[in-house]
Amino acid sequence: MGKITPARVVVAGLGNADEFDAEAVRSVSSEVLRYLRRRGVDQAVTIAHGAGIGGLSPGSLLGLYRFDRYYTNGGDADEDFEELTIAELDEARADAIRRGVSKGRSMAEATMIARNLVNEPANIMTPTSMAKVAHEVAEANSLGFEVLNNDDMLEKGMGAFMGVAQGSDEPAKLIILTYEGDPENPGNNLGLIGKGITFDTGGISLKPAAGMESMKGDMAGGASVIAAMQIIAQLRPRINVTGMVAATENMPGGSAQRPGDVVTAMNGKTIEIINTDAEGRLVLADALCLARERGITRLVDIATLTGAMVTTLGKACTGAMGNDDGLIGDVISAGKTDRRKILAAADVR
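Reading the values: rules and limits
- Residues numbered from 1 in each chain as written.
- Predicted model: local features only at pLDDT ≥ 70, side-chain atom pairs only at ≥ 80, totals over all residues.
- Heavy atoms only, no water.
- Buried < 20%, exposed > 50% of the residue type's maximum accessible area, 1.4 Å probe, protein only.
- Pairing = 2+ DSSP bridges.
- Helix = DSSP H or I, 4+ residues; strand = E, 2+ residues; numbered from the N terminus.
- Axes fitted to C-alpha atoms, helices over the stretch in contact; angles between N-to-C directions.
- Contact = heavy atoms within 4.5 Å.
- Core = buried A, V, L, I, M, F, W, Y, C linked by side-chain atoms within 4.5 Å.
- Parallel < 35°, antiparallel > 145°, perpendicular 65-115°, else oblique.
- Nonpolar A, V, L, I, M, F, W, Y, C, P; charged D, E, K, R; others polar.

A. Broad picture of unusual backbone geometry. The backbone of Ser-142 shows a phi angle near 55°, a positive value even though the residue is not glycine. What makes Ser-142 exposed here is its relative accessible area of 70%.

Structure follows, in structure tokens:
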């Protein structure tokens, strides 16, 4: 690393010692790196600490993240932070630090995939484009990859999904990523099902114009599934995981479904459409049916399903519901577990 002139020292508090963990390091490192970048610093050295090393690299990378691809003059590229060196004073711990930094970086890179997908405009991030990104993730991480197109889904009787898709000229995609971490035990499985509505106008039940541009992000659940499959492939847990993304637009085209229509899901259940802006549960219904057909017994779907959730709970937390209290508890517990423990638990091979 080149010499940094003039030398500067930044001291940042990490809270109470008994609450110190990777999450505290993640939060502070994000703030510190943004602080340094705003002041024109592009290189830094930090001293590693074992108890929080799991949060250092993801905090630093995610703290510096920004989406400026479409800035006419290249955005703030001249202010990019170039290099962070992590120093470990105890040589005996150097390998452990490197492993922690590498795993933390993997988590951050997967998160940035999801952020990039969500931040792309809807005329760029179509269902076809989303499938392309998923294919790139699959190839880079040795995951299985499959896509069902409109004809495939019609043949399988996915009338709920196709009812939503029929209002758009963009072809729908049911994207499937598979990781086999325990191939000799197919019952040890997990399904991640993501809502991938790449733009949601509400359909015939049209949303208000104000704020509709944010509906390019109605595929955040699907983006999260694609990102999760990357980190799962890299951490290699002993479980079989299938990720599915039900990707389409919800548009008010001439062929769009109408309030009062009745559609038939893959499992034969009929559904009356009252409000076409309740499209998420329709596309997820057929994805869940396919997952069950393939023998997946533990299913978690991730979706920006309804604004009522934000109205009820605000932005401090989200809602979880299901028919298996044990699985719901596991999901909530995993979200509360600090990243250092997650990384340690994932080191199973």
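B. Representation of the sheet that holds strand β5 (residues 189–200) within the structure. Here 5 strands make up an open sheet; going across it, the order is β3-β4-β6-β5-β9 and the pairing mixed. Each edge of the open sheet carries a strand with a single partner, namely β3 (144–148) and β9 (299–302). In this sheet, adjacent strand axes meet at a mean angle of 15° when their direction is disregarded. Looking at chain direction, β5 and β9 are connected through 4 bridges and run parallel. By the bridge assignment for β9, Ile-193 is matched with Asp-301. Helix-sheet contacts for helix α4 (residues 127–141) involve β3, β4 (173–180), β5 and β6 (240–250), and the interaxial angle to β4 is about 15°.

C. Highlighting the environment of Val-25. Along the chain, the position of Val-25 falls in helix α1 (residues 22–38). Separated by 13 residues in the primary sequence, Val-25 and Ala-12 place their C-alpha atoms 10.0 Å from one another.

D. Molecular detail of the nonpolar core. Formed by 33 residues in total, the largest nonpolar core has its most connected members in Leu-117, Met-130, Ile-226 and Met-229. Listed in part, the 27 residues of the second largest apolar core include Leu-148, Val-164, Cys-289 and Leu-290.

E. Seen up close, the packing of α4 against helix α7 (residues 220–235). It is the contact of α4 with α7, at a shortest axis distance of 10 Å, that shows an interaxial angle of 5°. On the basis of the axis angle, α4 is roughly parallel to α7. Listed contacts from α7 to Met-130, Ala-134, Val-137 and Asn-141 of α4 are Gly-222, Ala-223, Ile-226, Gln-230, Ala-233 and Gln-234. Of the residues in the contact of α4 with α7, the class split is 6 nonpolar, 4 polar and no charged.

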